[in-house]
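# Results of the structural survey
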Amino acid sequence: MANKIAIFDSTLRDGAQAEGISFSVEDKLKIVKTLDEFGVAYIEAGNPGSNPKDLEFFERVKKLNLSNAKIAAFGSTRRRGISVEEDSNVKSLLSADTPVVVIFGKSWDFHVTDIIKTSLEENLEMIKDTLRFFKEKGKEVIFDAEHFFDGYKANPEYAMAALSAAVEGGADCIVLCETNGGAFPNEVYEITKKVVEAFEVPVGIHPHNDGGMAVANAIMAVEAGAIQVQGTFIGFGERCGNVNLSTVIGNLQLKKNFDCIPKEQMCTLTQTARRIAEIANVSLSDRMPYVGKSAFAHKGGMHIDGVSKASHSFEHINPELVGNERRFLMSEVAGRSTILSKIQKVNPNVTKDSPETKEIIDRLKELEHLGYQFEGAESTFELIIRKQLGKYRPFFELDHFKIIGEHPAGNEDFSSSAMIKVNVDGQVEITAAEGDGPVNALDKALRKALEVFYPALKEVHLTDYKVRVLDTKEATAAKVRVLIESTDGEDIWTTVGVSTDIIEASWIALVDSIEYKLIKDIEKKFKPYL
Ligand SMILES: CC(=O)SCCNC(=O)CCNC(=O)[C@H](O)C(C)(C)COP(=O)(O)OP(=O)(O)OC[C@H]1O[C@@H](n2cnc3c(N)ncnc32)[C@H](O)[C@@H]1OP(=O)(O)O
Ligand SMILES: CC(=O)C(=O)O
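Conventions adopted
- Residues numbered from 1 in each chain as written.
- Chains lettered and ligands numbered in written order.
- Predicted model: local features only at pLDDT ≥ 70, side-chain atom pairs only at ≥ 80, totals over all residues.
- Heavy atoms only, no water.
- UniProt positions renumbered as here; feature names shortened; annotations may be inferred.
- Domains from an automatic or database assignment.
- Contact = heavy atoms within 4.5 Å.
- Buried area = accessible area lost by both parts, 1.4 Å probe.
- Patch = residues over 30% accessible without salt bridge, like charges linked within 9 Å, V, L, I, M, F, W, Y side chains within 5 Å.
- Areas by Shrake-Rupley, 256 points an atom, 1.4 Å probe, with all protein chains shown as cover.
- Salt bridge = Lys/Arg side-chain N within 4 Å of Asp/Glu carboxyl O.
- Lys, Arg positive; Asp, Glu negative; His and termini not counted.
- Charge placed at Lys NZ, Arg CZ, Asp CG, Glu CD.
- Helix = DSSP H or I, 4+ residues; strand = E, 2+ residues; numbered from the N terminus.
- Buried < 20%, exposed > 50% of the residue type's maximum accessible area, 1.4 Å probe, protein only.
- Near = heavy atom within 4 Å.
- Polar contact = N/O pair within 3.5 Å; in protein donor to acceptor, adjacent residues only side chain to side chain.
- Nonpolar A, V, L, I, M, F, W, Y, C, P; charged D, E, K, R; others polar.

The name that an unreviewed UniProt entry assigns to the protein is Citramalate synthase, with the source organism given as Defluviitalea saccharophila. UniProt's Catalytic activity (unreviewed entry) comment on the protein is quoted here verbatim: "pyruvate + acetyl-CoA + H2O = (3R)-citramalate + CoA + H(+)".

Another aspect to go through is the domain arrangement of the protein. We note that the domain assignment places domain 1 (6-280), domain 2 (297-389), domain 3 (396-453) and domain 4 (460-530) within the protein. Using only C-alpha atoms to locate each centre, domain 2 and domain 4 end up separated by 19 Å. The interface is formed by 15 residues belonging to domain 2 together with 17 residues belonging to domain 4. Of the roughly 1300 Å² buried at the junction of domain 2 and domain 4 (both faces included), carbon and sulfur atoms supply 51%. Contact with domain 4 buries surface across domain 2, with Tyr372, Leu383 and Arg386 losing the most and accounting together for 37% of the total.

So, on to a negative patch on the surface. Taken together, Glu406, Asp413, Glu434 and Asp436 make up a surface patch of like negative charges. Along the chain, the position of Glu406 falls in the loop between β11 (397-405) and β12 (416-424). Overall, the relative accessible area of 44% leaves Glu406 in the partly exposed class.

Attention shifts here to the site of ligand 2. Around ligand 2 lies a shell formed by Arg13, Asp14, Phe74, Asp144, Glu146, Cys177, Thr179, His206 and His208. Within the side chain of His206, one N or O atom sits 3.1 Å away from an oxygen atom of ligand 2. In the model, an oxygen atom of ligand 2 is placed 3.1 Å from a nitrogen or oxygen of the His208 side chain. Here ligand 2, which alone exposes 220 Å², has 93% of that area covered by the protein. Residues that form the shell around ligand 2 fall into these classes: 2 nonpolar, 3 polar and 4 charged.

Structure, rendered in C-alpha cells:
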C-alpha cells in the first residue's frame, strides 16, 4: 500500500459552492499561500469558465512563487454535440494556464440520459476527447468521476466504462466522487478496491458529507488503495460540505502513518485551519476534531483529574502535535484538580486537600448556580480565589453613579451620559462621561475617575461585550449574564457579572476588569500582590 497521500484542497472551488461563502480575489490568494505553506499537494482554485473573478485570480496566482502545491483549474467535459475546440468552458480552462486541469464527467448512466441528456456512447467520447485535448496541451489531468458510487451501484459496467474512457484519454489520476454524500464506508471500501484492482493509474477519492460519513469514507478509500484525497480544509462545500481535510490529515498522518504533508508542518494544522476560517469569514466550530477550540478542553472534574495524572487518560493525541492546546474549564462539574493550578497561581502553598480548595470549589458551584459561568471568565474566577484566600483589597470605593439615557438621542454620537463619584484612600473624585449606550458611558466615566489614581488604566479598552438572558420565562425580570473582554494592548482578559439588572451585571464585570488589570500590573512589577 502506498504510504504517500496527495492532499488535494478544493476550498476555493467546491468550498466556494457552500452557502454563505464568497471569496474575493485577495482572499483566494491568501488561502493559496496558507495552503501552500502548510504543504498540500494540489490546490483546486476555481472554475475559469464560471466567472471573471476566477479568470482574474488565475492571472494573478501565476505570479506567486509556491513551494509545495500545484494549482489546478476545474471544469466539465465538453458539451454534447460540439468539438472540444469549440467548447467555451474548455477554452477558459486552457486560458487559466495552470499546470493541472481537473475535468469532471458523468459516470452514472441516469445522469447521462436524464441530466446532460445525451447518449451513453457520446458521454464516453466527451470524457475521452476532453482529456486527450488537455493531455496534448501538456497538462497533468485529473478526472473527477462525478457520482461514481451511485453510478456503480446502478450500472457498474457503465461506471467502469467512464473510467476507462478517462484512462484512454490519458488521465493521470481517476478520482471517485461520492457526489451526493450518502454512501457508507463499507460500500466505499469495496467499490474503491475494485477500481484500484482494475486500473493501473492512481485512484483518488472525493467524498461529500451529507450522511456524516465523509471522513470515514475517505479513510476507507485510502485503506482500499486510493492515493489522493480531495476535500476542503475545514469541510465547507456544497450542501453539508466536503470531507474535512484537517480531520483526514490528522487521522491519516498521526494514526495510520501515511505521509500527507511534511512532518514538520503537522504542528501548524490548527493555525492553518483557523487562518482559513478567518479569511473565509466563518467561525470554526469549537468541536471540530483536532483543530477546534474545545478539541482538548476538559470540563468534567474526573477527566481533569485523569488528564493531570496522565494526559492520554482522556486525550486521543497530545494537542501539541497539531498545534492545539489543552484547556481545563472552570464549572459546576469541576473537581479540586481543575482549580488547583489556578489557586496555586495565587498561593503556591495550597494543596488539593487544603480546606481553602474545598471552600473555593464550593463558592464556584454556588456562583454557577446563581448564573455565573467561569469557563470564559477566568479573570473573575481569579479574583474570587483572591477574595477567598484573603489576597485581595479593593482599589476604590463607589459612592454612587447616575446614568441618563436620551431617546431619541440629542447628540448623534452619544445617547447616554454617566456621572460617578469614587473614593480612593480618602480622596474623592467625581467625573462624567458620554457614551453610545449606558454601559459605554459608565465604563468611560469610571475609567476617567480612576485614571487620576491609576494612569495605567488609560491603556485599557473593552473589546467585546456579551449579554445572555438566563431565565427567559421571567421576561424583563430575568437574570442577565454580562461577559466583558478587555485588553491593554498586551493581554486580553474576560470578566463576568450576573444580576437581574443589566447595568448592575455590567458594573460587576467592569469593576472586575479594572481590578484584574491593576493586580496584573502590580504582580508584573513587584510580585506578589499582597
Ligand atoms: C459536482 C460538482 O460540484 S460539479 C461542479 C458544479 N459547479 C458549478 O456548477 C459552479 C460553476 N458553474 C457555473 O458557473 C455555470 O454552471 C457554468 C458557467 C459552468 C455553466 O453555466 P450555463 O452554461 O448557464 O449552464 P447551467 O449551469 O444552467 O447548466 C449546466 C449545463 O452544463 C451541462 N453539463 C453538466 N455537467 C456536464 C458534464 N459533466 N459534461 C458536459 N456538460 C455538462 C448540462 O447539461 C447543462 O447544459 P444544458 O443546459 O445544455 O443541458
Ligand atoms: C466533482 C465534484 O465536486 C463532485 O462530484 O462532488
